[in-house]
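Per-entry structural report
One letter stands for each residue in the lines below.
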Amino acid sequence: MIPIAKPLIGEEEKQAVQAVLSSGVIAQGPRVKEFEGEFSKYCDASYGVAASSGTTALHLALLACGVKPGDEVITTPFSFIATANSILYCRAKPVFADIDSETFNIGPDEIEAHITDKTRAVLVVHLYGQPCEMDSLTRICGDNDIRLIEDACQAHGAECKGRKAGSLGDCAVFSFYPTKNMTTGEGGMLTTDDSEIADRARLLREHGSKVRYHHDVLGYNYRMTDIAAAIGLEQLKKLDSFNTARKGNAERLTEALKGVEGIEAPIVRGDVKHVFHQYTIRVTSDFHRTRDEVVQRLKESGIGTGIYYPVPIHKQPIYKSDPGLLNAEAASSEVLSLPVHPGLTGEDVEKICRSLQEL
Ligand SMILES: Cc1ncc(COP(=O)(O)O)c(C=O)c1O
């Protein structure tokens, strides 16, 4: 079976982990510091704060941006649940703005329409690896004195107008879960140019403590281990080549889908670098098979697929009071992700292309 995702772990990662294990410093230590420096440099951001996951890094980002109980945070209904949950962790209210049906990202107009005097932050997601339209978002947030946070958990190395994801808002958050464009096993990172956000996030990550066993505020243990950071340092060196492979695979798939009526290939905006965390097609009602049938057929051909996400967040039981968001709901019923990861061989890609055409 060709899997929908596969981490590529080489000898370099294994040796780096071995070195950490032999050093005796296995929790947060020098490798984490080094990884924070290297990763933030890669993103053209001044500071990096490593965390135990993308989810905990999101929580730190919102708290460090001053999100408090009762505040509103505008975000997307079409993402992994962690995006919205991190807002609930702050006892703030997620306000869902509908997505653009071409890019699956929330856009400036929808966001502007949802701003109230309670809005503290906008949390955008660069879904599937394609950055949001950040220029107008920056202007809107600046005009309204609102923090702009990037959920870049799927966008390592992506760019908007030549600027890297991770440097486009007040701060950004990445995940290093094994399916992501690079991994540390579990792990996350906050990047920012704002020293106050970085300091605050570090404090909250360490049980609210700057001096050992002195706790100024309520904090958490959201630390990354040196074992994870050692993997991350090696993966970071390979990230650009991983992304180049993803792009090449995506181009081949799009080529194969030309002329297949009823299936829409991903639409890539002209001013962005899309890093294809996912290659997501739409199986529309014009196609002669349902999405379930397509999944089944591809499975029979030995091709794994994924649906990200089958239920939009505002329809999940814990959020279900929210009104209909039609583009997100339509996307949930049509999207289907195909393998695009750098572990695919040329033969794998050709097999996926053939199977699509034979549908
Ligand atoms: C968009 C998005 N946000 C947040 C997360 C949470 O990251 P993690 O799984 O590392 O906690 C993920 C990862 O799945 C994600 O894809």
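None of the values given here were measured: they were computed from a predicted structure.

1. Some details on the sheet that holds strand 3 (residues 93–96)
- An order of 1-9-8-5-4-2-3 is seen for the seven strands of this open sheet, with the pairing classed as mixed. In this open sheet, the two edge strands, each paired with only one partner strand, are strand 1 (47–51) and strand 3. Each adjacent strand pair in this sheet contributes to an overall mean axis angle of 25°, direction not counted.
- In terms of strand pairing, strand 4 (residues 119–125) meets strand 5 (residues 147–151) through five bridges, oriented parallel. When the sheet's bridge partners are listed, Val 125 is paired in strand 5 with Asp 151.

2. Here we look at the side chain of Glu 150
- Looking at where Glu 150 falls in the secondary structure, it is placed in strand 5.
- Look at Glu 150: it is buried, it has no salt bridge, and the nearest opposite charge is Arg 163 at 7.2 Å.
- Reaching out from Glu 150, the side chain makes a polar contact with the backbone nitrogen of Ser 167 at a distance of 3.5 Å.
- Apart from residues lying up to four places away in sequence, Glu 150 is in contact with Leu 123, Val 124, His 126, Met 134, Ala 165, Gly 166, Ser 167, Leu 168, Gly 169, Cys 171, Ala 172 and Val 173.

3. Observations concerning the packing of aromatic side chains
- Here the structure, examined in full by the defined rule, presents 12 aromatic pairs.
- Centroid distance Phe 35 to Phe 176: 5.3 Å. Interplanar angle 50°. Geometry classified as tilted. A residue pair is termed long-range when its members are at least 10 positions apart, and Phe 35 in helix 2 (residues 30–42) and Phe 176 in the loop between strand 8 (171–175) and strand 9 (188–192) qualify at 141 residues. Summarising the burial analysis for this pair, Phe 35 and Phe 176 share the class buried.
- When the ring of Tyr 220 is compared with that of Tyr 222, the centres are 4.8 Å apart and the planes differ by 10°; the resulting orientation is stacked.
- A residue is classified by how much of its surface remains accessible, and Tyr 222, at 13% relative accessible area, is buried.
- One aromatic cluster in this structure is built from Phe 78, Phe 80, Phe 104, Tyr 128, Tyr 308 and Tyr 309.
- We note Lys 164 situated over the ring of Tyr 42; from NZ or CZ to the ring centre the distance is 4.4 Å.

4. So, the site of the ligand
- Inspection of the region around the ligand gives 16 residues, with Gly 54, Thr 55, Asp 151, Ser 175 and Lys 180 positioned closest.
- Within the backbone of Gly 54, one N or O atom sits 2.8 Å away from an oxygen atom of the ligand.
- Between an oxygen atom of the ligand and a side-chain N or O atom of Thr 55, the distance comes to 2.5 Å.
- For the ligand, whose accessible area on its own is 390 Å², the fraction buried by protein is 93%.
- Ranked by residues supplied to the shell around the ligand, first place goes to helix 3 (residues 54–64) with three residues.
- Residue composition of the shell around the ligand, grouped by class: six nonpolar, eight polar and two charged.

5. A closer look at the environment of Thr 179
- Here Thr 179 is to be found in the loop between strand 8 and strand 9.
- On the accessibility criterion, Thr 179 (29% relative accessible area) is partly exposed.
- Along the primary structure Thr 179 and Gln 154 are separated by 25 residues, whereas in three dimensions their C-alpha atoms are 9.4 Å apart.
- Look past the residues within four positions of Thr 179 in its chain and what remains in contact with it is Ala 5, Arg 246 and His 277.

6. Some remarks on helix 11 (residues 346–357)
- With 12 residues, helix 11 extends 17 Å between its outermost C-alpha atoms, agreeing within 8% with the 16 Å of an ideal straight helix rising 1.5 Å per residue.
- Of the positions making up helix 11, those classed as buried are Val 349, Ile 352, Cys 353, Ser 355 and Leu 356. Buried residues of helix 11, seen end-on, are gathered within an arc of 165° and therefore sit on one face of the element. Exposed side chains of helix 11 directed beyond 90 degrees from the buried face belong to Gly 346, Glu 347 and Gln 357.
- The elements touched by buried residues of helix 11 are helix 8 (226–257), helix 9 (291–300) and strand 13 (335–338).

7. Examining the side chain of Thr 191
- Relative to the helices and strands, Thr 191 is located in strand 9.
- Of the residues examined, Thr 191 reaches a relative accessible area of 0% and is grouped as buried.
- Residues within four places of Thr 191 in sequence aside, it is in contact with Phe 39, Ser 40, Cys 43, Ala 45, Tyr 47, Gly 166, Cys 171, Ala 172 and Phe 174.

8. Focus on the domain arrangement of the protein
- Domains assigned within the protein are domain 1 (11–235) and domain 2 (239–357).
- Placing the centre of domain 1 and that of domain 2 at their C-alpha centroids yields a distance of 25 Å.
- Counting residues at the interface gives 38 residues for domain 1 and 34 residues for domain 2.
- For the interface between domain 1 and domain 2, the tally reads one salt bridge.
- In this structure, Lys 161 and Asp 271 form a salt bridge, with 4.0 Å as the shortest nitrogen-oxygen distance.
- Where domain 1 touches domain 2, the interface holds 24 residue pairs in polar contact (both at pLDDT 80 or more).
- For the side of domain 1 that touches domain 2, a count of residues per class yields 19 nonpolar, 13 polar and six charged.

Cut-offs and rules
- Residues numbered from 1 in each chain as written.
- Predicted model: local features only at pLDDT ≥ 70, side-chain atom pairs only at ≥ 80, totals over all residues.
- Heavy atoms only, no water.
- Pairing = 2+ DSSP bridges.
- Helix = DSSP H or I, 4+ residues; strand = E, 2+ residues; numbered from the N terminus.
- Axes fitted to C-alpha atoms, helices over the stretch in contact; angles between N-to-C directions.
- Buried < 20%, exposed > 50% of the residue type's maximum accessible area, 1.4 Å probe, protein only.
- Lys, Arg positive; Asp, Glu negative; His and termini not counted.
- Salt bridge = Lys/Arg side-chain N within 4 Å of Asp/Glu carboxyl O.
- Polar contact = N/O pair within 3.5 Å; in protein donor to acceptor, adjacent residues only side chain to side chain.
- Contact = heavy atoms within 4.5 Å.
- Phe/Tyr/Trp six-rings, centres within 6.5 Å; stacked < 30°, edge-to-face > 60°.
- Lys NZ or Arg CZ within 6 Å of the ring centre and 35° of its normal.
- Near = heavy atom within 4 Å.
- Areas by Shrake-Rupley, 256 points an atom, 1.4 Å probe, with all protein chains shown as cover.
- Nonpolar A, V, L, I, M, F, W, Y, C, P; charged D, E, K, R; others polar.
- Expected span 1.5 Å × (residues − 1).
- Arc of directions from axis to C-beta.
- Domains from an automatic or database assignment.

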